[in-house]
Amino acid sequence: MQHELGITLDNRFAPLRLLYPRNIQKKTLSFNPETAFNEQSILAGGVFLIEQHIDDSYVFVPLDFAENLLHYGNRRTALEVKVREGYDISSVKNKLHQVLGKSFKVLDSDEQHVSLFKAIEVEKMFVFITFAFILLIASINIFFSLSMLVIDKKKDVAVLMAMGASSRNVRNIFLFEGAIVALVGAFTGLVLGVSLCWAQQTFGLVSMGMATSVVDSYPVKMKFSDIMLTSVAIIVITISVSIRPALNASQLDVRENL
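Residues numbered from 1 in each chain as written. Predicted model: local features only at pLDDT ≥ 70, side-chain atom pairs only at ≥ 80, totals over all residues. Heavy atoms only, no water.

Chemist: What's the story with the overall build of the chain in this structure? I'm lost.
Modeler: Along the chain, the regular secondary structure elements total 11 helices and two strands. Going from the N terminus to the C terminus, the chain shows its helices and strands as α-β-α-β-α-α-α-α-α-α-α-α-α. Relative to a compact globule of 258 residues, whose C-alpha radius of gyration would be 18 Å, the chain shows 33 Å and is clearly more extended. In terms of principal-axis extent, the alpha carbons of the chain reach across some 105 × 45 × 40 Å. Counting all 258 residues of the chain, 17% fall into the buried class. If you take every contact in the chain between residues at least 6 apart in sequence, the share linking residues at least 24 apart comes to 62%. Accessible surface, the chain as shown: approximately 20000 Å² in total, 62% of it carbon and sulfur. (Helix = DSSP H or I, 4+ residues; strand = E, 2+ residues; numbered from the N terminus. Rg over C-alpha atoms; globule rule 2.2 N^0.38 Å. Buried < 20%, exposed > 50% of the residue type's maximum accessible area, 1.4 Å probe, protein only. Contact = heavy atoms within 4.5 Å. Areas by Shrake-Rupley, 256 points an atom, 1.4 Å probe, with all protein chains shown as cover.)

Chemist: Teacher, can you tell me more about the pattern of salt bridges here?
Modeler: When the charged atoms of two side chains with opposite charge come close together, those side chains can pair. Under the counting rule described, the total for this entry stands at six salt bridges. Between R17 and E39 there is a salt bridge, and its shortest N-O distance comes to 2.7 Å. Within this pair, whereas R17 is found in strand β1 (residues 16–21), its partner E39 is found in strand β2 (residues 37–42), the two being separated by 22 residues in sequence. E39 gets classed as partly exposed once you look at its relative accessible area, which sits at 39%. Among the ionic pairs, D226 bridges to K124, the shortest N-O distance being 3.3 Å. One end of the pair, D226, is in helix α10 (residues 224–250); the other, K124, is in helix α7 (residues 114–152), with 102 residues separating them in the sequence. Through salt bridges that share partners, E121, K124 and D226 make up one connected network. (Salt bridge = Lys/Arg side-chain N within 4 Å of Asp/Glu carboxyl O.)

Chemist: How do you make sense of a nonpolar patch on the surface when you look at a structure like this?
Modeler: There is a patch of nonpolar side chains on the surface, built from V194, W198, F203, L205, V206, Y218 and M222 and spanning about 730 Å² of accessible area. Of note, F203 is situated in helix α9 (residues 167–203). (Patch = residues over 30% accessible without salt bridge, like charges linked within 9 Å, V, L, I, M, F, W, Y side chains within 5 Å.)

Chemist: Explain helix α5 (residues 89–100) to me, please; I cannot follow it from the model alone.
Modeler: With 12 residues, α5 should cover 16 Å at 1.5 Å per step; its first-to-last C-alpha distance of 16 Å lies within 8% of that length. In the stretch just after α5, G101 is the one whose phi turns positive, near 90°. (Expected span 1.5 Å × (residues − 1).)

Chemist: Help me understand the packing of aromatic side chains in this model?
Modeler: Centre-to-centre distance and the angle between the planes together describe a pair of aromatic rings. Per the stated rule, a full pass over the model turns up six aromatic pairs. Where Y20 meets Y72, the ring centres are 6.1 Å apart and the plane angle is 80°; that geometry is what we call edge-to-face. Of this pair, Y20 sits in strand β1 while Y72 sits in the loop between α4 (63–70) and α5, and the two are 52 residues apart along the sequence. Residue Y20 is classed as buried on the basis of its relative accessible area, which comes to 17%. Geometrically, the ring pair formed by Y58 and F60 is stacked, given 6.1 Å between the ring centres and 20° between the ring planes. Overall, the relative accessible area of 42% leaves Y58 in the partly exposed class. Using a relative accessible area of 60% as the deciding quantity, one classes F60 as exposed. Site record: aromatic cluster; members linked through ring pairs are F48, Y58 and F60. It is R75 that lies over the ring of Y72; its NZ or CZ is 5.8 Å from the centre. (Phe/Tyr/Trp six-rings, centres within 6.5 Å; stacked < 30°, edge-to-face > 60°. Lys NZ or Arg CZ within 6 Å of the ring centre and 35° of its normal.)

Set out below in structure tokens:
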């Protein structure tokens with residue numbers, strides 16, 4: 001905003017001139033430029049660097065200056081309420097709805113930035129799909145490992161079936177082995193992932209690398225639903241690639257492998 005308006009803080013003889021249309025409530029505007037606008041001048045006291053959307057959109061002025069320029073009196077277009085620590089935002093929002101009525105919009109932070117959060121959700125969905133494909137490719141190793149194990153243990157499987165083990169028992173043995181790999185991998189990966197996220201939240205290991213950022217470290221938020229969805233994806237994909245080797249083991253011919 002400083003660059004767009006050409007503001008120089010050191011030049012005290014060139015104040016910032018702000019104009020606002022008169023009679024805007026009546027939706028009329030005079031054709032005389034001298035009477036069509038309210039005009040106020042103010043010296044820039046400083047420049048803030050927070051975030052690009054805010055930096056490019058806002059000029060902050062004292063409240064009495066804005067009242068004189070806009071002629072809104074005690075009316076406000078919006079009020080921001082900061083909820084104290086320990087209070088539930090949703091309950092405060094519901095109480096404000098009850099007090100103010102339906103003619104007022106009461107929006108929390110997520111609802112005010114709904115387009116941004118939708119974009120983040122879409123990004124997270126594509127990241128999850130990419131993760132699932134990578135996991136599927138990695139699970140091919142499990143498929144070939146179990147297939148090689150079936151080939152290596154043909155004689156042992158034939159002995160078990162000759163001793164009375166059913167095809168279902170043999171199939172479940174290999175499925176159980178695939179499930180062990182899936183559970184161990186899921187548990188180990190989730191423990192490491194949750195630990196890294198906790199360390200990032202607590203110690204800020206990964207910095208944003210921006211001097212003007214609102215937060216110093218990269219923000220991380222852990223959600224139980226994401227953890228459960230990741231766990232289910234790991235287990236389902238890993239067990240799925242174990243089905244074919246398990247079926248091959250259960251269909252071995254006992255006479256040919258003894």
